[in-house]
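The primary structure of each chain is shown beneath.
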2 protein chains.
Amino acid sequence: MSDARRWFALPSPFHMKRGGELVGARLAYETWGELSAARDNAIFILTGLSPSAHAASNADDPSPGWWEEMIGPGKHIDTNRWFVICANTLGSCKGSTGPADINPATGEPYRLDFPELTLEDVANASHELVRALGIERLACLVGNSMGGMSALAYLLLHPGSVRTHISISTAPQAQPFAIAIRSLQREAIRLDHNWNNGHYDEEHYPEAGMSIARKLGVITYRSAMEWVGRFARIRLDAEQREDDPFGAEFQVESYLAGHARRFVRSFDPNSYLYLSRASDWFDVAEYAPKEAGHGGVDHALQRIRLERALVIGVETDILFPLSQQQQIADGLRAGGAEVDFVALDSPQGHDAFLVDIPRFGAAIARFLAAG
Amino acid sequence: MSDARRWFALPSPFHMKRGGELVGARLAYETWGELSAARDNAIFILTGLSPSAHAASNADDPSPGWWEEMIGPGKHIDTNRWFVICANTLGSCKGSTGPADINPATGEPYRLDFPELTLEDVANASHELVRALGIERLACLVGNSMGGMSALAYLLLHPGSVRTHISISTAPQAQPFAIAIRSLQREAIRLDHNWNNGHYDEEHYPEAGMSIARKLGVITYRSAMEWVGRFARIRLDAEQREDDPFGAEFQVESYLAGHARRFVRSFDPNSYLYLSRASDWFDVAEYAPKEAGHGGVDHALQRIRLERALVIGVETDILFPLSQQQQIADGLRAGGAEVDFVALDSPQGHDAFLVDIPRFGAAIARFLAAG
């Protein structure tokens, strides 16, 4: 299998927000396009919880990436003009150092000995990579979903390092509904006796817990409205049904099962737990002046300095509701940025940025062309 | 413990929609108020998935019922005027025959040998009870949530047996989002190795699966909006936290844990599976003329004959969305009933009928007073 990943060795030890440190850690990343001589055309993409660095195909890896229709020559993020970088998130399991990697102190996988991870650590690691690539200032920082929260951390921790920002289907902090969903996903994994306090292996693997976590994820990533049109009450054919009195009977159940099947063995359960918890912890209000009180989120967002920002959200998103993107847009505008706020009526819910490329692509291309 | 339950022996064998039968089955029920000499003041309440027959306190059982503020002398459903009946659902575990009861054919609990259960069976069993009480025609049939679907079955299967109807936060059929949620709840129970294909006992009990199922239920019974105001991002005090790196940290997590704790051992897991599946199966469109096609739901609803109906829904309900109550109201109106459709802005989501008694009670009292 061809591999387009490059490797960046983080400063060692790499100090983390909640007190831990990583020795000999690295980030996996990929790039598209060419960095200009003035080093002023770089776009960095911070991803959601599960994607790899392979956002799009390139010469070294022609397989389609997770944002294939968005990035490439002549596409919405046009790599004839922009130098695009995407890194696998610190703490993930797609090449960047995470709980499944070997702890050099013990020669064994970290598992739950991986230090407590925050989205600030994700942001700081990404910033180290950007600087190491010789980029003083990003032309644009893009963040999707969890990556949008990491992007806010990046902007708050590294003022002056970003010229424009695209914030997609994200939030300045998790609301209790999102915390409840993620808490339940973590519970499903932890209650699977094969999880075994993080000490699973290929043979004894928390498949049931990961399946429930993923299905619950997919339910909250899409929208009820989309599914009415897509699945209605269509039944599976007799030969598709399991011989089980409570087995799948409706198409929507087999759709969820397919999603779970593709995910369960391809993502490290401990890594999932760490990133899920980091998403709950993140709160821009921590960066507000102490006296801000309940207005903490707004005050923190106002501290961010940008030339321009594009904030996109979707009306059918139940995990990161549109009101939270509106809050980001208002906050960045109050901080002095020229802000486009785009509320889309895509039916696909939180996942729309991955599938409704026509609507998202048009907004992104328009924003980048104006820069 | 005092007990107000009475017992009704169903005709034996009791034939079920999907071909099974029950021998020696019974319903547990409670009543409030007095049946008038003309037997024309009876209100029958069909419940949601988990409630018992104890809807309100009475002389034999002064403990508060699950609709305590709604039913009683001088209350919204005024037992000085009405004779109110509430039965535990057939297939449940609060006195009516269900999978946890002894199968007279074997002397062992039914467990998964309980016949396939549908909401039509729930409706037919309830209708037998009403007739046995000497009531030819109910003054009002009330159905909440799953009970609202059972009520539609009752109305379709027993034309002329009901004068008016109150339909609360329910649907004419499950949409794919609701099916997906319930399927995942069933999966969580079934994947718990203590479930053991239905053969659990007190010592080996599917506690983890039931906990996940209940928490997922509560998440979908309430609304994200309510929780922003109620929990925000409030943390638990240090002494409330578990000594577990992924244990509960936010108030919303401990709220869910409390709900799960109260439910897990008080509801039979197999019964939960049967009633959950019955909710997915129910579809009024089965009662439409064959030629109705995609308009099946509307055509079926139009076959129902009522003098008057009250249909209530809540804007924040994600499990039974308001558009489905609107569809019921439109269908019953097209069938000739005088229909009040009340869309409430209660923040509590699907559960609002249990907690927002001022709003629901006012609508119900107004409707009953006009009768």
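Not measured: the values here are computed from a predicted model.

Some thoughts on the overall build of chain A
Phase 1 of the analysis: Assigned secondary structure in chain A consists of eleven helices and 14 strands.
Phase 2 of the analysis: Taken over the C-alpha trace, chain A has a radius of gyration of 20 Å; the compact-globule value for 371 residues is 21 Å, and the two agree within 12%.
Phase 3 of the analysis: Expressed along its principal axes, the backbone C-alpha trace of chain A runs to roughly 65 × 50 × 50 Å.
Phase 4 of the analysis: For chain A, buried positions account for 55% of its 371 residues.
Phase 5 of the analysis: Across chain A, the fraction of contacts at a sequence separation of at least 24, relative to all contacts at a separation of at least 6, is 69%.

Some remarks on the nonpolar core
Phase 1 of the analysis: A:Ile43 and B:Ile43 are the most contacted members of the largest nonpolar core, which totals 228 residues.
Phase 2 of the analysis: Residues contacting A:Ile43, with those up to four places away along its chain left out, are A:Ile77, A:Trp82, A:Val84, A:Leu138, A:Ala139, A:Cys140 and A:Val142.

Here's the deal with the relation of the copies chain A and chain B
Phase 1 of the analysis: Superposition of chain A onto chain B requires a rotation of 180 degrees combined with a translation of 0.0 Å along the rotation axis, giving an RMSD of 0.0 Å. The relationship between the two copies is best expressed as a two-fold rotation axis.
Phase 2 of the analysis: Most of the interface of chain A is mirrored in chain B, where 100% of its interface residues again form contacts.

Thoughts on helix α7 (residues 269-281) of chain A
Phase 1 of the analysis: For α7(A), which comprises 13 residues, the first-to-last C-alpha distance of 19 Å matches the rise-based estimate of 18 Å (1.5 Å per residue) to within 8%.
Phase 2 of the analysis: Among the 13 residues in α7(A), 13 count as buried, and that is most of the element.

Comments concerning the pairing of strand β8 (residues 83-87) of chain A
Residue and element names in this part refer to chain A.
Phase 1 of the analysis: Taking burial as the measure, the five residues of β8 include five buried ones, the bulk of the element.
Phase 2 of the analysis: Of the pairings in the sheet, the one linking strand β4 (residues 26-32) to β8 comprises four bridges and is antiparallel in character. Opposite Tyr29, over in β8, you have Ala87 as the bridge partner.

Focus: helix α2 (residues 146-157) of chain A
In an α-helix, one turn spans 3.6 residues, which is why side chains three or four residues apart end up on the same side.
Residues and elements named next belong to chain A.
Phase 1 of the analysis: Between its terminal C-alpha atoms α2 stretches 17 Å, which fits the 16 Å expected from twelve residues at 1.5 Å a residue.
Phase 2 of the analysis: With respect to burial, α2 is a largely interior element, ten of its twelve residues being buried.
Phase 3 of the analysis: Every buried residue belonging to α2 is among Met146, Gly147, Gly148, Met149, Ser150, Ala151, Leu152, Ala153, Tyr154 and Leu155, and all of these are buried.
Phase 4 of the analysis: Those residues of α2 that are buried lie in contact with β5 (42-46), α1 (119-132), β11 (138-144), β12 (162-168) and α7.

Focus on the sheet that holds β4(A)
Residue and element names in this part refer to chain A.
Phase 1 of the analysis: The strand order across the open sheet built from eight strands is β1-β4-β8-β5-β11-β12-β13-β14, with neighbouring strands paired in mixed fashion. Edge positions in the sheet fall to β1 (6-9) and β14 (338-344), since each has one partner strand and no second. The mean angle between the axes of side-by-side strands here comes to 20 degrees, regardless of whether they run parallel or antiparallel.
Phase 2 of the analysis: Note that β1 and β4 share four bridges and pair antiparallel. When the sheet's bridge partners are listed, Phe8 is paired in β4 with Leu27.
Phase 3 of the analysis: The sheet strands contacting α2 are β5, β11 and β12, and the helix crosses β11 at an angle near 140 degrees.

A look at the interface of chain A and chain B
Size of an interface, as often reported, equals the accessible area lost when the parts are brought together.
Phase 1 of the analysis: Residue-level contacts link 38 residues of chain A with 38 residues of chain B.
Phase 2 of the analysis: Mapped onto the side of chain A that touches chain B, the elements with two or more residues apiece are α3 (176-191), α4 (207-221), α5 (224-230), α6 (251-264) and α7 of chain A.
Phase 3 of the analysis: Top element by residues in the side of chain A that touches chain B is α3(A). It accounts for twelve residues.
Phase 4 of the analysis: Looking at the side of chain A that touches chain B residue by residue, the class counts come to 26 nonpolar, four polar and eight charged.

A short note on the domain arrangement of chain A
All names here are of chain A.
Phase 1 of the analysis: Per the domain assignment, the segments of chain A are domain 1 (6-174 + 283-369) and domain 2 (178-276).
Phase 2 of the analysis: The gap between the C-alpha centroids of domain 1 and domain 2 is 26 Å.
Phase 3 of the analysis: At the junction of the two partners, domain 1 supplies 23 residues and domain 2 supplies 19 residues.
Phase 4 of the analysis: Partitioning the side of domain 1 that touches domain 2 into residue classes produces twelve nonpolar, nine polar and two charged.

Here's the deal with the packing of α3(A) against helix α4 (residues 207-221) of chain B
Phase 1 of the analysis: Packing of α3(A) against α4(B) leaves a shortest axis separation of 11 Å and a crossing angle of 170 degrees. The orientation of α3(A) relative to α4(B) falls into the category roughly antiparallel. For the pair α3(A) and α4(B), contact is made by A:Ala180, A:Ile181, A:Leu184, A:Glu187, A:Ala188 and A:Leu191 and by B:Ala208, B:Ile212, B:Lys215, B:Leu216 and B:Ile219, respectively.
Phase 2 of the analysis: Residues belonging to the contact of α3(A) with α4(B) are distributed by class as follows: nine nonpolar, no polar and two charged.

A few points about the sheet that holds strand β13 (residues 308-314) of chain B
Residue and element names in this part refer to chain B.
Phase 1 of the analysis: Reading across the sheet, the eight strands line up as β1-β4-β8-β5-β11-β12-β13-β14 and stay open at both edges, with mixed pairing between neighbours. Only two strands of the sheet have a single neighbouring strand rather than two, namely β1 (6-9) and β14 (338-344). Looking at each pair of strands side by side, their axes are set apart by 20 degrees on average, direction ignored.
Phase 2 of the analysis: Helix α2 (residues 146-157) rests against β5 (42-46), β11 (138-144) and β12 (162-168) of the sheet, and its axis sits at about 140 degrees to β11.
Phase 3 of the analysis: Seen against the sheet, helix α9 (residues 322-334) touches β12, β13 and β14 and runs at an angle of roughly 170 degrees to β13.

With respect to the pairing of β5(A)
All names here are of chain A.
Phase 1 of the analysis: Across the five residues that make up β5, a large majority, five, are buried.
Phase 2 of the analysis: By the alternation rule, side chains of β5 split into Ala42, Phe44 and Leu46 and Ile43 and Ile45, which are all buried.
Phase 3 of the analysis: Note: β5 against β8, four bridges, orientation parallel. Bridged to Ile43 within β8 is Val84.
Phase 4 of the analysis: One ladder, built from four bridges, connects β5 with β11; its direction is parallel. Bridge pairing in β11 places Ile45 opposite Val142.

Overview of the environment of B:Asp61
All names here are of chain B.
Phase 1 of the analysis: You can see Asp61 is positioned in the loop between β5 and β6 (71-72).
Phase 2 of the analysis: Distance in space between the C-alpha atoms of Asp61 and Asp3 is 5.3 Å, their sequence separation being 58 residues.
Phase 3 of the analysis: Setting aside its immediate chain neighbours within four residues, Asp61 contacts Ser2, Asp3, Ala4 and His54.

Criteria and cut-off values
Counting of residues starts from 1 at the beginning of each chain's written sequence and follows it residue by residue. Each chain takes a letter, starting from A, and each ligand takes a number, starting from 1, following the order in which they are written. Two thresholds apply to this predicted model, a pLDDT of at least 70 for residue-level local features and 80 or more for giving and counting side-chain atom pairs, whereas whole-chain, interface and lining totals are computed over all residues. Numbering of helices and strands starts at the N terminus; helices are DSSP runs of H or I of at least 4 residues and strands are runs of E of at least 2. Within these notes, the globule rule equals 2.2 Å times the number of residues to the 0.38 power, and the radius of gyration is based on C-alpha atoms. Exposure in this text rests on C-beta crowding, where 20 or more other C-beta atoms within 10 Å of a residue's own make it buried, 12 or fewer make it exposed, and counts in between make it partly exposed. The C-beta atoms are placed from the backbone. Placing a C-beta atom from the backbone of each residue, one calls two residues in contact when those atoms lie within 7 Å. Note on terminology: a nonpolar core is a set of buried residues of type Ala, Val, Leu, Ile, Met, Phe, Trp, Tyr or Cys, with members joined through C-beta atoms within 7 Å. A residue counts toward the fit only if its pLDDT is at least 70 in both copies, and the copies are then superposed by least squares on the C-alpha atoms of those residues. The length a helix should cover is 1.5 Å for every residue beyond the first. For two strands to be treated as a pair, DSSP must find no fewer than two bridges joining them. For helices, the axis comes from a line fit to the C-alpha atoms of the stretch in contact; other axes are also lines fit to C-alpha atoms, and the angle between any two N-to-C directions lies between 0 and 180 degrees. Amino acids outside the nonpolar list (Ala, Val, Leu, Ile, Met, Phe, Trp, Tyr, Cys, Pro) and the charged list (Asp, Glu, Lys, Arg) are all regarded as polar, and Gly is one of them. What counts as a domain boundary in this text is fixed by an automatic or database domain assignment. Geometric relationships in this document are graded by angle, where less than 35 degrees denotes roughly parallel, more than 145 denotes roughly antiparallel, 65 to 115 denotes roughly perpendicular, and other angles denote oblique.

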